[in-house]
Structures are given as structure tokens and as C-alpha cells.
Amino acid sequence: MGKGRRPLAGMVNAMLDFYNNKRVFVTGHTGFKGGWLCGMLAMAGAEVTGFALPPASPSLFEIAGLKDTMRSVPGDIRDFDALWRAFDEAKPEVVFHLAAQPIVREGYRDPVGTYAVNVMGTVHLLECVRRSDCVRSVVNVTTDKVYENHSWPWGYREADPLNGYDPYANSKSCSELVTASYQKSFLAQRGAAVSTARAGNVIGGGDFAADRIIPDCVRAAQAKQAIRLRNPHSVRPYQHVLEPLSAYLLIARRQYEDAALSGSYNVGPEVDGCLATGQLAGLFCQAWGEGLRWEHTGQEGPHEDAVLRLDCSKIRAVLGWRPKWDAARAVAETVGWTKAWLSGQDMSAFTLGQIQAYLTGK
């Protein structure tokens with residue numbers, strides 16, 4: 001796609017208009033969240049360069065034809081020289097850092113690799129920003145799991161202590177600390193506004209990862225088997241992937257315009273909108289139909305926090321962001337995307353159409 005072209009010209013809102021013709025650099029663009037983000041940026045007419053490992057198969061990136069809307073550079077975030085070459089050539093104005101090892105159980109299996117990607121990958125990205133003279137806005141996407149978890153019934157706030165329990169969560173806590181250090185030591189003086197975004201659990205079409213609830217639901221539905229849940233009573237701030245992505249885009253735009261808005265932002269549903277995993281699976285079964293059901297397999301595997309909620313009052317008060325889709329709508333949209341893909345529909349058009357429906361509140 002040429003610079004400034006929009007697949008749905010005239011159908012974007014003010015938030016996306018800001019990105020028309022902006023040079024944007026996205027790490028982790030071949031992943032689930034990165035793919036949806038690049039779809040939104042393509043709709044806006046941004047000049048996007050992505051840096052990430054080659055996409056897995058299947059992947060949203062390939063299914064939705066996103067490679068035709070941007071410049072995709074294959075590479076490993078742990079390879080600083082390769083990252084810097086791509087970054088320096090792109091000369092971005094706005095940066096979204098999504099490259100990560102994002103799976104809790106994989107963090108237990110490979111803690112060294114998890115820390116290498118999530119901590120040193122962040123260092124490498126921020127070092128590129130430090131060496132550049134063109135970046136105005138950076139959003140580092142971390143997770144709701146960065147907090148020291150006490151299984152409180154109320155939501156964690158941005159000022160609460162960071163101390164993730166498991167290697168994945170802890171590595172993301174470290175990424176937060178690295179970001180704060182680079183911002184205070186280097187980037188604020190260079191005019192680059194930097195924020196971290198701590199998003200809750202995301203669901204949506206095109207997520208094929210192992211050890212995630214919705215992909216596991218899809219695989220069970222395809223196999224016509226019961227969904228097997230390890231921890232049906234675990235409470236999480238589940239939200240559709242377009243919710244946090246809209247927040248990332250808003251944060252990057254607003255701090256580009258006013259660097260005083262840099263900081264950390266929780267992104268999730270209302271506290272009373274958090275669901276137990278069994279409730280989410282029940283919504284999926286209802287939306288999918290065909291007699292799908294779930295069953296509890298008993299506790300398996302390493303430690304995972306039982307309750308996690310976010311207090312997102314800061315982003316609402318400071319930036320005016322609020323979620324649009326409740327959990328039932330999020331699950332229904334996820335099922336709709338998945339069934340469209342399985343039935344062979346044009347997934348580029350379907351994906352962009354789902355983005356447009358979210359943006360316009362339809």
C-alpha cells in the first residue's frame with residue numbers, strides 16, 4: 001500500500017486521522033495484537049514498518065493480508081544490530097513496542113529466553129529511540145501482570161508496586177523499570193514522550209497461541225470436543241483486542257501532542273466487568289452453539305494468580321478512554337471472525353470491517 005492510501009477511505013475517525021502519513025514502527029507486528037494494530041494503522045493510511053519474527057502458521061498477519069499494507073522486516077528483537085538497521089531506515093515518528101514472549105507457561109519452560117526477549121528486547125528498542133532524532137512518541141506494551149499480586153478484590157492502580165510472580169510477569173515488570181529509566185535518563189531530554197500500557201487479557205479473532213483460553217476453545221470446537229479448563233474460577237480483566245489497541249493509539253497520539261501525558265496506563269474493562277475463566281468459556285459456548293460445553297480438568301501446571309483486576313480510572317480521567325464492547329460482545333465478535341475464516345470468507349475485508357464496526361460503535 002502506498003503512503004497515505006486508506007482501504008476504507010472516509011471511514012476512519014479522528015483518532016486514526018492523526019496517523020495518516022505518519023511514519024510508525026511496530027515491533028511484534030506478526031503476532032496477534034501486532035497484526036490487529038497494523039490493520040488499524042493501515043486503515044489510517046500510516047507508513048508502517050514492522051520488525052518481528054516471521055509469522056507462525058496460521059497467523060492473523062497472513063490471513064488478513066497485512067503484509068500488503070506495510071513494510072515487514074523479519075528479525076529477532078534480541079539482535080540489536082538488525083533492529084537498529086530497520087529502525088534507522090524507517091526513521092519513525094511513533095513507535096509501538098509489542099514484541100514479547102507473552103505466554104505465562106512458556107516463561108516457566110524457558111525463563112532465560114523469556115527474560116532475553118522481554119527485558120533485553122525492551123532495552124534494544126529504547127536504545128534505538130535514544131540513538132534516533134525523529135521519534136516523538138513511544139508506547140511500550142506490557143501487561144496487567146506486572147503488579148505484585150495479592151488477589152485483592154479491587155483493581156490495581158498504576159502506583160502500586162511492580163513485582164510479577166512468574167518469569168513472564170516478572171520480566172514485564174523489569175521492562176517497565178527499564179522504560180522508566182530510559183525515559184528519565186535519556187528520552188525526556190530528547191523530546192520523546194514514552195508511556196507503558198498495562199493491558200488486561202485480550203481475546204479476538206486470529207489468536208492461535210497455545211495455552212490461551214480462546215484459542216483452546218476454538219480448537220476444542222473444531223474437534224467437537226469439550227473445552228478443558230484448568231482454572232475455571234480464575235478472574236481476569238478479559239477484553240476484545242480492539243479495546244487496548246484503541247487505547248495504545250490514543251496514548252501515542254495524545255503524548256505526541258503533549259509530552260506531559262507520558263506515564264503508565266492500565267487498560268481494561270470496568271472492575272465489575274472482570275470474568276472468571278469459566279464464565280468466559282460459557283459465553284464462548286453460547287456464541288458458538290453446536291452443543292459445545294466446557295469441563296473442569298482440575299488444577300494443573302505451575303502457579304498462576306487466582307484473581308487479577310485493574311483500576312483503569314486514570315486513562316478514563318486523563319485521556320477520556322472507555323471500553324466499548326462488553327465481554328459478551330467481545331466473545332461474539334471473536335466467534336464471528338473465527339467462523340468467517342473457517343468458511344473461507346475474505347478475511348482482509350472482514351477484519352477491516354470489524355475494526356470499522358468497533359470505531360463507529362456499531
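Preceding block: the structure.
First, a word on what this report is: a plain description of the structure on this page.

Basis of the calculations
- Residues numbered from 1 in each chain as written.
- Predicted model: local features only at pLDDT ≥ 70, side-chain atom pairs only at ≥ 80, totals over all residues.
- Heavy atoms only, no water.
- Core = buried A, V, L, I, M, F, W, Y, C linked by side-chain atoms within 4.5 Å.
- Buried < 20%, exposed > 50% of the residue type's maximum accessible area, 1.4 Å probe, protein only.
- Helix = DSSP H or I, 4+ residues; strand = E, 2+ residues; numbered from the N terminus.
- Contact = heavy atoms within 4.5 Å.
- Disulfide = S-S within 2.5 Å.
- Pairing = 2+ DSSP bridges.
- Axes fitted to C-alpha atoms, helices over the stretch in contact; angles between N-to-C directions.
- Salt bridge = Lys/Arg side-chain N within 4 Å of Asp/Glu carboxyl O.
- Polar contact = N/O pair within 3.5 Å; in protein donor to acceptor, adjacent residues only side chain to side chain.
- Phe/Tyr/Trp six-rings, centres within 6.5 Å; stacked < 30°, edge-to-face > 60°.
- Lys NZ or Arg CZ within 6 Å of the ring centre and 35° of its normal.

Overview of the nonpolar core
Argument step 1. Counting 59 residues, the largest nonpolar core has Y19, V26, W36, L41, F96, L249 and I315 as the members making the most contacts within it.
Argument step 2. The element contributing the most residues to this core is helix α9 (residues 242-257), with 9 residues.
Argument step 3. Look past the residues within four positions of L249 in its chain and what remains in contact with it is M15, L16, Y19, L37, M40, L41 and F96.
Argument step 4. In terms of nonpolar packing, the next biggest core, distinct from the first, is built from 27 residues, F80, A99, V119 and V194 among them.

Re the state of the cysteines
Argument step 1. Considering all chains together, one arrives at 0 disulfides under this definition.
Argument step 2. C274 forms no disulfide, and the closest cysteine sulfur to it belongs to C312, at a distance of 8.1 Å.

Description of the sheet that holds strand β4 (residues 94-97)
Argument step 1. Spatial ordering of the open sheet is given by β3-β2-β1-β4-β5-β6-β11, a layout of 7 strands whose pairing is parallel. Two strands close off the open sheet at either side, each with one partner strand: β3 (71-74) and β11 (263-267). Adjacent strand axes in the sheet meet at a mean angle of 15° when their direction is disregarded.
Argument step 2. Relative to strand β5 (residues 137-141), β4 runs parallel, the two sharing 4 bridges. In the strand pairing of β5, V95 is matched with V138.

Notes on the pattern of salt bridges
Argument step 1. A full pass over the atoms with the stated rule returns 21 salt bridges.
Argument step 2. The partner of E127 in a salt bridge is R131, with the nearest N and O atoms 3.2 Å apart. Taken together, the residues span about one helical turn, with E127 and R131 both in helix α6 (residues 111-131) at a distance of 4 residues.
Argument step 3. On the accessibility criterion, E127 (10% relative accessible area) is buried.
Argument step 4. For R131, a relative accessible area of 45% gives the class partly exposed.
Argument step 5. For R157, the salt bridge goes to D311, with nearest N and O atoms at 2.8 Å. On the criterion of sequence distance, the pair formed by R157 in the loop between β5 and α7 (167-187) and D311 in the loop between β13 (294-296) and α11 (313-319) is long-range, its members being 154 residues apart.
Argument step 6. Judged by relative accessible area, D311 falls into the buried class, the value being 15%.
Argument step 7. Residues participating in the shared-partner salt-bridge network are R105, E106, R109 and D211.

Looking at the side chain of N149
Argument step 1. Here N149 shows up in the loop between β5 and α7.
Argument step 2. Here the side chain of N149 touches S151 through a polar contact of 2.6 Å, landing on its backbone nitrogen.
Argument step 3. Polar side-chain contacts of N149 include one of 3.4 Å to the side chain of Y156.
Argument step 4. Those residues in contact with N149 that lie beyond four places of it in its chain are Y156, D305, V307 and L308.

Overview of the packing of aromatic side chains
How two aromatic rings sit relative to each other is given by the distance of their centres and the angle of their planes.
Argument step 1. Tallied over the full model, the rule gives 13 aromatic pairs.
Argument step 2. For the pair F208 and W341, a centre-to-centre distance of 5.1 Å together with 70° between the ring planes defines the contact as edge-to-face. Here W341 lies in helix α12 (residues 327-342) and F208 lies in the loop between β7 (202-203) and α8 (213-222), a separation of 133 residues in the sequence.
Argument step 3. The exposure class of F208 is partly exposed, given its relative accessible area of 26%.
Argument step 4. Both rings, one in W325 and one in Y358, keep their centres 5.2 Å apart while their planes meet at 85°; by these two values the pair is edge-to-face. Of this pair, W325 sits in the loop between α11 and α12 while Y358 sits in helix α13 (residues 347-360), and the two are 33 residues apart along the sequence.
Argument step 5. Among the residues examined, Y358 registers a relative accessible area of 2% and is labelled buried.
Argument step 6. The ring of Y265 has K314 sitting right over it, with the charged end atom 4.5 Å from the ring centre.
Argument step 7. A cation over an aromatic ring shows up here: K339 above the ring of W288, its NZ or CZ 4.7 Å from the ring centre.

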